[in-house]
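Okay, here's what each chain looks like letter by letter:
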Amino acid sequence: MNNSILFTHKDLIEKSKLGDRKVQYKLYSLYVDAMFNVSVRIVKVKEDAEDVVQDSFIDAFKNLDTFKYESTFGSWLKRIVINKSINYLKVKRIPLVAMEEYDHFMAEPVEIKENQLDISKIKKGIKALPDGYQTIINLYLIEGYDHVEIGEILEISVSTSKSQYHRAKKKLIQLIN
């Protein structure tokens, strides 16, 4: 990764590490909207996402000394927000259907027609999915996690993540047709 990208906002981060509240607020202002969008895709409720984002920033500023520029600040913060959002869902007990007995699950190819690629229809379809399916779709398609990472985040097997994703995708296609 380009070093200049890794060190984006380095002066703000270093001053924030020293406890400068004004600079912390400036850093917060730069990232709050993007982090809210990440959280609301996972937790679904605006107010809950706002709480998750606030908690995430508090944790981030408390643990800023652990940020070592191995990634961008935005990706480090996004990881915190995603983990807090997932933990929030776990506390609320939003279920994922365990599919351990379906290790042999093979998804049949699904043909997608061009009219199914309307973004607004897809977003609406995702919102209509059951919560567990929404979580898998958001983590895999939107946030870009692979099934191993999703399995670790949600504490499910890789095969469960894959089968949930394929079922969610199939259901999404039905919804947007």
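Look a little higher up for the structure.
Residues numbered from 1 in each chain as written. Predicted model: local features only at pLDDT ≥ 70, side-chain atom pairs only at ≥ 80, totals over all residues. Heavy atoms only, no water.

Draft legend 1. The arrangement of the overall build of the chain in detail. Each helix and strand in the chain was counted, giving nine helices and zero strands. The helix and strand sequence of the chain, counted from the amino end, reads α-α-α-α-α-α-α-α-α. A buried classification covers 38% of the 177 residues belonging to the chain. Restricting the contact set of the chain to residue pairs at least 6 apart, pairs at least 24 apart contribute 68%. Summed over its atoms, the accessible surface of the chain is roughly 10700 Å², and 54% of this surface lies on carbon and sulfur atoms. (Helix = DSSP H or I, 4+ residues; strand = E, 2+ residues; numbered from the N terminus. Buried < 20%, exposed > 50% of the residue type's maximum accessible area, 1.4 Å probe, protein only. Contact = heavy atoms within 4.5 Å. Areas by Shrake-Rupley, 256 points an atom, 1.4 Å probe, with all protein chains shown as cover.)

Draft legend 2. Structural detail: the nonpolar core. In terms of nonpolar packing, the biggest core is built from 43 residues, with Phe 57, Phe 73, Leu 139 and Leu 154 touching the most fellow members. Residues in contact with Phe 73, not counting those within four places in the same chain, are Ile 13, Leu 27, Tyr 31, Leu 64 and Phe 67. (Core = buried A, V, L, I, M, F, W, Y, C linked by side-chain atoms within 4.5 Å.)

Draft legend 3. Quick look at helix H5 (residues 73–92). Over its 20 residues, H5 extends 29 Å from the first C-alpha to the last, a length consistent with the 28 Å expected when each residue adds 1.5 Å. Looking at H5, one finds that the buried residues are Phe 73, Gly 74, Trp 76, Leu 77, Ile 80, Val 81, Ile 82, Ser 85, Ile 86 and Leu 89. The inward-facing, buried residues of H5 contact helix H2 (10–17), helix H3 (21–43), helix H4 (46–62), helix H7 (131–142) and helix H8 (147–154). (Expected span 1.5 Å × (residues − 1).)

Draft legend 4. Main features of the side chain of Gln 24. Counting through the fold element by element, Gln 24 comes out in helix H3. When its relative accessible area of 6% is taken as the criterion, Gln 24 is described as buried. Side chain to side chain, Gln 24 and Arg 21 meet in a polar contact 2.9 Å long. (Polar contact = N/O pair within 3.5 Å; in protein donor to acceptor, adjacent residues only side chain to side chain.)

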